[in-house]
Amino acid sequence: MANIGIYYGSDTGNTESVAKEVAKDLNIAKEDLHDVDKAKADFSNYDVLLFGTSTTGLGDLLDSWDSFLSKISGSALSGKKVALFGCGDSVSFSDTFGDGVGKLYEAIKDKGCTIIGKVSPEGYSYDSSEALVDGQFVGLLLDEDNESDKTAERLSLWIGNLKKEI
Ligand SMILES: Cc1cc2nc3c(=O)[nH]c(=O)nc-3n(C[C@H](O)[C@H](O)[C@H](O)COP(=O)(O)O)c2cc1C
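Keep in mind that this is a model prediction, so the values were computed, not measured.

### Digging into the packing of helix H1 (residues 14–25) against helix H4 (residues 151–165)
Logical step 1: One way to put it is that H1 packs onto H4 with a least axis distance of 11 Å and a crossing angle of 50 degrees. Taken as axis vectors, H1 and H4 run oblique relative to one another. Considering how the two elements wind past one another, H1 and H4 form a crossing that is right-handed. Each of Val18, Glu21, Val22 and Asp25 in H1 lies in contact with H4, whose residues at this interface are Leu155, Trp158, Ile159 and Lys163.
Logical step 2: Along the lines of polarity and charge, the residues of the contact of H1 with H4 split into five nonpolar, no polar and three charged.

In structure tokens, the structure reads:
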């Protein structure tokens, strides 16, 4: 299996819990699970990166991610496979559902990496999302606030597909 690093940002712990679950499912060691609040933007040990974020404000990326993104050098993501995931709230923030994941995608998509792990929006209910690009979510969106009962299945499907793309 390729060397995989997970980088996550999380305000109240939801995305952090998901990141830990993903690490468990993919047999990723603790030292390869990074909180972007404390991590160095050095990806030289990894072939594959999983980036996780929630959405805050009205469709905003977390400050911790904004700050981490500013530390990523121009070529650091070149040649890497990158998968995105994140938590949002499709009911209270139906117009900006998972926009943080969409913003993360926008920030990295032209940095020479290949984005893997896209997801069909089928089965989700929301009005608008910046994470929807060309008919697909650019990563896995989870809603721990309203649909936590769907998380295990969504996660397992995503991880299964991811393994084929890695
Ligand atoms: C102040 C605030 C603003 C939020 N804005 C959005 C939003 O615009 N879109 C969205 O999908 N979720 C939004 N959410 C929901 C969070 O993204 C969601 O609760 C998520 O699970 C939090 O994950 P975290 O604990 O990893 O930060 C917002 C939550 C809060 C508290």
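### Digging into the packing of aromatic side chains
Two numbers describe a pair of aromatic rings. These are the distance of the centres and the angle of the planes.
Logical step 1: What the rule picks out here adds up to 14 aromatic pairs.
Logical step 2: Plain terms: the ring middles of Tyr7 and Phe68 are 5.6 Å apart, the flat faces sit at 25 degrees to each other, and that makes the pair stacked. Of the two residues, Tyr7 is situated in strand S1 (residues 4–8) and Phe68 in helix H2 (residues 63–71); the sequence distance between them amounts to 61 residues.
Logical step 3: By relative accessible area, Phe68 is classed as buried at 0%.
Logical step 4: Taken together, the ring pairs connect Tyr7, Phe43, Tyr46, Phe51, Trp65 and Phe68 into an aromatic cluster.
Logical step 5: Above the plane of the ring of Tyr124 lies Arg154, whose end atom (NZ or CZ) is 3.9 Å from the centre.

### Topic: the site of the ligand
Logical step 1: Around the ligand, a shell composed of 20 residues is seen, among which Ser10, Thr12, Thr15, Thr55 and Asp145 lie nearest.
Logical step 2: With respect to the ligand, the backbone of Asp11 contributes an N or O atom lying 2.7 Å from an oxygen atom.
Logical step 3: One nitrogen or oxygen atom from the main chain of Thr55 is found 2.7 Å from an oxygen atom belonging to the ligand.
Logical step 4: Here the ligand loses 79% of its free accessible area of 640 Å² to cover by the protein chains.
Logical step 5: Only H1 and strand S4 (55–56) provide two or more residues apiece to the shell around the ligand.
Logical step 6: Its residues assigned to classes, the shell around the ligand comprises four nonpolar, 13 polar and three charged.

### A look at the nonpolar core
Logical step 1: With 52 residues, the main nonpolar core has Tyr7, Leu50, Phe51 and Trp158 as its most contacted residues.
Logical step 2: Of all the elements, strand S6 (residues 81–87) adds the most residues to this core, at five residues.

### Some details on the pattern of salt bridges
Logical step 1: The tally for this structure, following the rule as stated, stands at eight salt bridges.
Logical step 2: Here Lys103 makes a salt bridge to Glu130, at a shortest N to O gap of 3.2 Å. Placement of the pair is Lys103 in helix H3 (residues 99–108) and Glu130 in the loop between strand S7 (114–116) and strand S8 (132–133), with a sequence separation of 27 residues.
Logical step 3: With a shortest N-O distance of 2.9 Å, Glu147 and Arg154 are connected by a salt bridge.
Logical step 4: On the basis of relative accessible area, Arg154 is assigned to the buried category, the value being 13%.
Logical step 5: Through salt bridges with shared partners, a single ionic network connects Glu106, Lys109 and Asp110.

Analysis parameters
Residues numbered from 1 in each chain as written. Predicted model: local features only at pLDDT ≥ 70, side-chain atom pairs only at ≥ 80, totals over all residues. Heavy atoms only, no water. Axes fitted to C-alpha atoms, helices over the stretch in contact; angles between N-to-C directions. Helix = DSSP H or I, 4+ residues; strand = E, 2+ residues; numbered from the N terminus. Parallel < 35°, antiparallel > 145°, perpendicular 65-115°, else oblique. Left-handed = near helix turned anticlockwise from the far one by under 90°. Contact = heavy atoms within 4.5 Å. Nonpolar A, V, L, I, M, F, W, Y, C, P; charged D, E, K, R; others polar. Phe/Tyr/Trp six-rings, centres within 6.5 Å; stacked < 30°, edge-to-face > 60°. Buried < 20%, exposed > 50% of the residue type's maximum accessible area, 1.4 Å probe, protein only. Lys NZ or Arg CZ within 6 Å of the ring centre and 35° of its normal. Near = heavy atom within 4 Å. Polar contact = N/O pair within 3.5 Å; in protein donor to acceptor, adjacent residues only side chain to side chain. Areas by Shrake-Rupley, 256 points an atom, 1.4 Å probe, with all protein chains shown as cover. Core = buried A, V, L, I, M, F, W, Y, C linked by side-chain atoms within 4.5 Å. Salt bridge = Lys/Arg side-chain N within 4 Å of Asp/Glu carboxyl O.

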